[in-house]
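Coordinate inspection notes
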Amino acid sequence: MFRIDQFAYNNSLSAVNPVEKIAFAVITLAIGIAFDTVLVPLTVFLLMSVSTIFLARVSAVFYLRLLSLPFTFLLVSMAAVIFNISLTPFNYLFGGAWGPVYIGISAESLRQAVQLLFKALGAVSCLYFLALTTPMTEIINTLRKLKVPVLFLELMILIYRFIFLLLDTAGKIHLSQSSRWGYASIKTSYRSMAVLIANLFSRAYWRSQSSYQALLSRGYSGDMKFLGVKYSWSYRNLMLILIIEAALLSLGLCGRANI
Amino acid sequence: MNYILQADDVYFRYEDGTTALQGVTLKIEEGKKTVLLGGNGAGKSTLFLHFNGIYRPHRGTVLFNGEEIQYKNSFLKHLRKNIGVVFQDPDTQLFSANVYQDVSFGPINLGLSEEEVKTRVIDAMKETGVKHLSKKPTHLLSYGEKKRAAIAGVLAMKPKLIVFDEPTAWLDPAGYRQIVKLIEDINRQGKTVVLSTHDVDLAYSWADLVIVMKEGKVIGQGTPQEIFQNNRLLSEASLVKPWLLEVYDKLVAQGWLNRSAAPPANKGELYKLLGDNQPPKP
Ligand SMILES: Nc1ncnc2c1ncn2[C@@H]1O[C@H](COP(=O)(O)OP(=O)(O)OP(=O)(O)O)[C@@H](O)[C@H]1O
Ligand SMILES: [Mg+2]
């Protein structure tokens, strides 16, 4: 979490207008999941990974570690799609009857699973590109320009800030517990964890109270406004994004015509 | 003498029944440095939040510039523009993602033009020495940097009086000196400064007025010399003597130094006294 944020503030694309980066990520994401092929999401995945590692210069090792996070979920959902269970026999590649039930992998389910894998990878790479190149504050500022309701924006600001405060508080409680053998055995671990969670919430509550007092002290009156940094537009970047997206789109359309 | 803030017989009880203030009466003179001393739970932080109208006394009144505080929006706005509070824990105060935005929060709330906000933010960041951190996310700052960023956020509103709740707690010696110098500079520009601390040495050599609190009451106030020579008051408030006075008293008791009209106010004065007094010949 901390590392993601550090890259977001400090990468080779920091100076690029956030709206351009957001547009690039979001449009690519939309194209990547719009077509039922493998080719388009695969291209999206490669494009985004190359942009993140070579253009933004995010550490490749860190990027791969991040990619490995959603893999478990992905494998589980793939398994669910791959195996067909049915009461009537169907056209399977592998599998057989198991009592009255037929279990197996069909060509269709295999195709779906592979598609799912690549679509998910493509989508994740788009979101990682955004998360690793664009600070949350800039994303919120852009949403503000898009006239997203203020309530959502303020919630985003506060949640973003408090995630780190909660992590920090939890880290401190955990440290103090483990230095007193709180996690020495399974039994004490369960108890310590329960205490940690209960404490975290009561502390978060008190903290939110004093934070609110601090907001009031600085003249808060129901609308959270800050000064944003001004960025200039780069026509070169905009043209580049346009060309890339057009290419992706035609790739998807051609692929569909072929099948 | 112009009193910028006055508390008159203020009582305050928290929802859970804790009586935090029991008849606090005090006056804060404009342009001066006032230090509030008192052990944990004496009610310092609670009192501070009365100064800018966050808490409302159950009994008694708080006056700003001689005028009783009215707990309605227009008055509170005016009050909070003039009385800035720097909270003890900078994490409760910093809530935006980066330093620049956080500092801009107060001045924007004042409804200033974007240009004016910008100059104020830059000036405040320069003064507190966090300019180079302006784009850094607040959760990546060190404790001392957070503290200074929080002060910048208050300075940018250009208040007349700034309240610092334990500004030197948890700082390393370098950070300590930095913050004390910063508060001193702020005072030199004509702003009234009120701070709470457990640090008797700081209170002794730095304050114009010292107020001692205990269990929600003011049990003594006066110049640092008056307060710290009052042994009865010190023991009642469980305060120790500043090292300077302790050494001075010892030197006098041993006959190494003649008791002067006023005890030394700082290290330099003590050295001067020592230099003027020839050591006794063996
Ligand atoms: N939100 C709260 N709810 C209930 N009681 C509180 C609350 N905040 C403070 N108190 C109580 O009010 C009393 C005064 O607390 P306060 O924080 O003002 O003291 P303090 O002088 O600032 O102490 P410290 O030096 O520890 O910061 C204490 O007894 C404390 O337990
Ligand atoms: Mg306090």
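All values derive from a computational prediction rather than experimental measurement.

Quick look at the sheet that holds strand β5 (residues 67–68) of chain B now. Read from one edge to the other, the open sheet built from 4 strands follows the order β2-β1-β4-β5 (chain B), with strand pairing classed as antiparallel. In the strand order of this sheet, the two ends are held by β2 (19–29) and β5 of chain B, each with one partner.

What follows is about the domain arrangement of chain A. Residue and element names in this part refer to chain A. The domains assigned to chain A are domain 1 (1–134 + 230–259) and domain 2 (136–228). In this structure, domain 1 and domain 2 have C-alpha centres spaced 30 Å apart. Between domain 1 and domain 2, the residue contacts involve 11 residues of the former and 10 residues of the latter. Seen at the junction of domain 1 and domain 2, the total is 0 salt bridges. In this structure, the connection of domain 1 to domain 2 is made through 2 residue pairs in polar contact (both at pLDDT 80 or more). When residues of the side of domain 1 that touches domain 2 are traced back to their parent elements, those giving at least two are α1 (2–9) and α2 (18–34). Per-class residue counts for the side of domain 1 that touches domain 2 are 8 nonpolar, 1 polar and 2 charged.

The subject of this paragraph is helix α11 (residues 243–253) of chain B. Residues and elements named next belong to chain B. Residues L244, L245, Y248, L251 and V252 constitute the buried set of α11. Down the axis of α11, the sector holding all buried residues measures 125 degrees, keeping them to one side. Away from its buried face by more than 90 degrees, α11 exposes K250 and A253.

Glancing now at the interface of chain B and chain A. With 34 residues of chain B in contact, the opposing surface of chain A contributes 31 residues. The contact between chain B and chain A buries some 3200 Å² in all, and 60% of this surface belongs to carbon and sulfur atoms. It is F95, F105 and H139 of chain B in chain B that bury the most area against chain A; as a group they hold 22% of the surface buried on that side. For the pair chain B and chain A, the interface holds 3 salt bridges. Of the charged contacts in the structure, one is a salt bridge between R207 of chain A and D89 of chain B, with a shortest N-O distance of 3.4 Å. Applying the counting criterion to the chain B and chain A interface returns 9 residue pairs in polar contact (both at pLDDT 80 or more). Looking at the side of chain B that touches chain A, the elements that each hand over two or more residues are α3 (90–93), α4 (99–109) and α5 (114–128) of chain B. Residues belonging to the side of chain B that touches chain A are distributed by class as follows: 15 nonpolar, 12 polar and 7 charged.

Residue and element names in this part refer to chain A. If you walk through the whole model with that rule in mind, you get 14 aromatic pairs over all chains. A ring pair is formed by Y160 and F164, whose centres lie 5.4 Å apart and whose planes are at 85 degrees; its orientation type is edge-to-face. On the criterion of helical spacing, the pair formed by Y160 and F164 is a turn pair, its members being 4 residues apart in helix α8 (residues 150–178). With a relative accessible area of 9%, Y160 lands in the buried category. In this structure F164 comes out as buried when scored by relative accessible area, which is 2%.

Attention now moves to the site of ligand 1. All names here are of chain B. Around ligand 1 sit 16 residues in total, of which N40, G41, K44, S45 and T46 are the nearest. N40 is positioned such that a nitrogen or oxygen atom in its side chain is 2.8 Å from an oxygen atom of ligand 1. Side-chain polar atom of T46 to an oxygen atom of ligand 1: 2.4 Å apart, as the coordinates give it. Protein contacts shield 71% of the accessible area of ligand 1, which totals 640 Å² for the unbound molecule. Per element, the largest residue contribution to the shell around ligand 1 is 3 residues, and it comes from helix α1 (residues 44–51). For the shell around ligand 1, the per-class residue count stands at 4 nonpolar, 9 polar and 3 charged.

Residue and element names in this part refer to chain B. Here chain B is partitioned into domain 1 (3–239) and domain 2 (242–282). Contacts between the two partners involve 7 residues from domain 1, matched on the other side by 9 residues from domain 2. When domain 1 packs against domain 2, the two sides together hide about 700 Å² of surface, and 62% of this comes from carbon and sulfur. A per-residue breakdown of the area domain 1 buries against domain 2 is headed by D201, Y204 and Q229, which together make up 62% of the total. On inspection of domain 1 and its partner domain 2, the count reaches 0 salt bridges.

Our focus in this paragraph is the nonpolar core. It is characteristic of soluble globular proteins that their nonpolar side chains tend to be buried jointly. Counting 55 residues, the largest nonpolar core has F164 and F228 of chain B as the members making the most contacts within it. Per-element accounting of this core gives the leading share, 6 residues, to helix α6 (residues 143–155) of chain B. The residues contacting F164 of chain B, other than those within four sequence positions of it, are F48, V86, I151, I183, I186, V193, V194, L195 and S196 of chain B. Counting residues in hydrophobic clusters, the runner-up holds 42 residues, among them M224 of chain A together with L49, V85 and V194 of chain B.

What follows is about the pattern of salt bridges. The full count for this structure, using the stated rule, is 15 salt bridges over all chains. Linking D102 of chain B and R218 of chain A is a salt bridge whose minimum nitrogen-to-oxygen distance equals 2.8 Å. Of this pair, D102 of chain B sits in helix α4 while R218 of chain A sits in the loop between α9 (186–217) and α10 (235–258), which puts the two residues in different chains. Across the pair, R218 of chain A and D102 of chain B agree in class, each one buried.

For α4 of chain B, the tally of buried residues reaches 11 of 11 residues, placing the bulk of the element in the interior. Those residues of α4 of chain B that fall on the buried side of the exposure criterion are V99, Y100, Q101, D102, V103, S104, F105, G106, P107, I108 and N109 of chain B. Against α7 (136–145) and α9 of chain A together with α3, α5 and α6 of chain B lie the buried residues of α4 of chain B. The N-terminus of α4 of chain B is capped by N98 of chain B, whose side-chain oxygen sits 3.3 Å from the backbone nitrogen of Y100 of chain B. Immediately beyond the C-terminal end of α4 of chain B, within one or two residues, lies G111 of chain B, with a positive phi of roughly 75 degrees.

The rules behind these values
- For every chain, the first residue of the written sequence is number 1, and numbering continues from 1 onward in sequence order.
- To read the labels, note that chains go from A and ligands from 1, taken in the order they are written.
- Where local features are concerned, this predicted model is filtered to residues with pLDDT of at least 70; where side-chain atom pairs are given and counted, the filter is 80 or more; whole-chain, interface and lining totals use all residues.
- Calculation of side-chain values draws on the structure's entire complement of heavy atoms; hydrogens and water are dropped beforehand.
- Only strands joined by at least two bridges in the DSSP assignment are considered to pair.
- Each helix is a run of H or I in the DSSP string that is no shorter than four residues. Each strand is a run of E no shorter than two, and both are numbered from the N terminus.
- The domain limits used here are those given by an automatic or database domain assignment.
- The contact definition used throughout considers only heavy atoms, calling two residues in contact when any of these lie within 4.5 Å.
- Take a side-chain nitrogen of Lys or Arg and a carboxyl oxygen of Asp or Glu: if they are within 4 Å of each other, that pair is a salt bridge.
- Polar contact is defined as a pair of N or O atoms within 3.5 Å, subject to the rule that within protein one atom must be able to donate a hydrogen and the other to accept it, and that residues adjacent in sequence are counted only when both atoms are side-chain atoms.
- In this count, Pro and Cys sit with the nonpolar residues alongside Ala, Val, Leu, Ile, Met, Phe, Trp and Tyr, while Asp, Glu, Lys and Arg are called charged and the others, Gly among them, polar.
- Only protein chains enter the accessibility calculation, which uses a 1.4 Å probe; a residue whose area is less than 20% of its type maximum is buried, one above 50% is exposed, and one in between is partly exposed.
- Of all possible arcs, the one meant is that of the directions from the helix axis to the C-beta atoms.
- Buried area is a sum: the accessible area each of two parts loses on coming together, probed at 1.4 Å, counted once for each and added.
- Each aromatic pair joins two rings of Phe, Tyr and Trp (for Trp, the six-membered one) with centres within 6.5 Å, and gets the label stacked for planes under 30 degrees apart, edge-to-face for over 60, and tilted for any other angle.
- Throughout, the term near means that a residue has one or more heavy atoms lying within 4 Å of the molecule or strand in question.
- A 1.4 Å probe and the Shrake-Rupley method give the accessible areas. Residues count as covered only by the protein chains that appear here.
- We call a set of buried Ala, Val, Leu, Ile, Met, Phe, Trp, Tyr and Cys residues a nonpolar core when their side-chain atoms join them within 4.5 Å.

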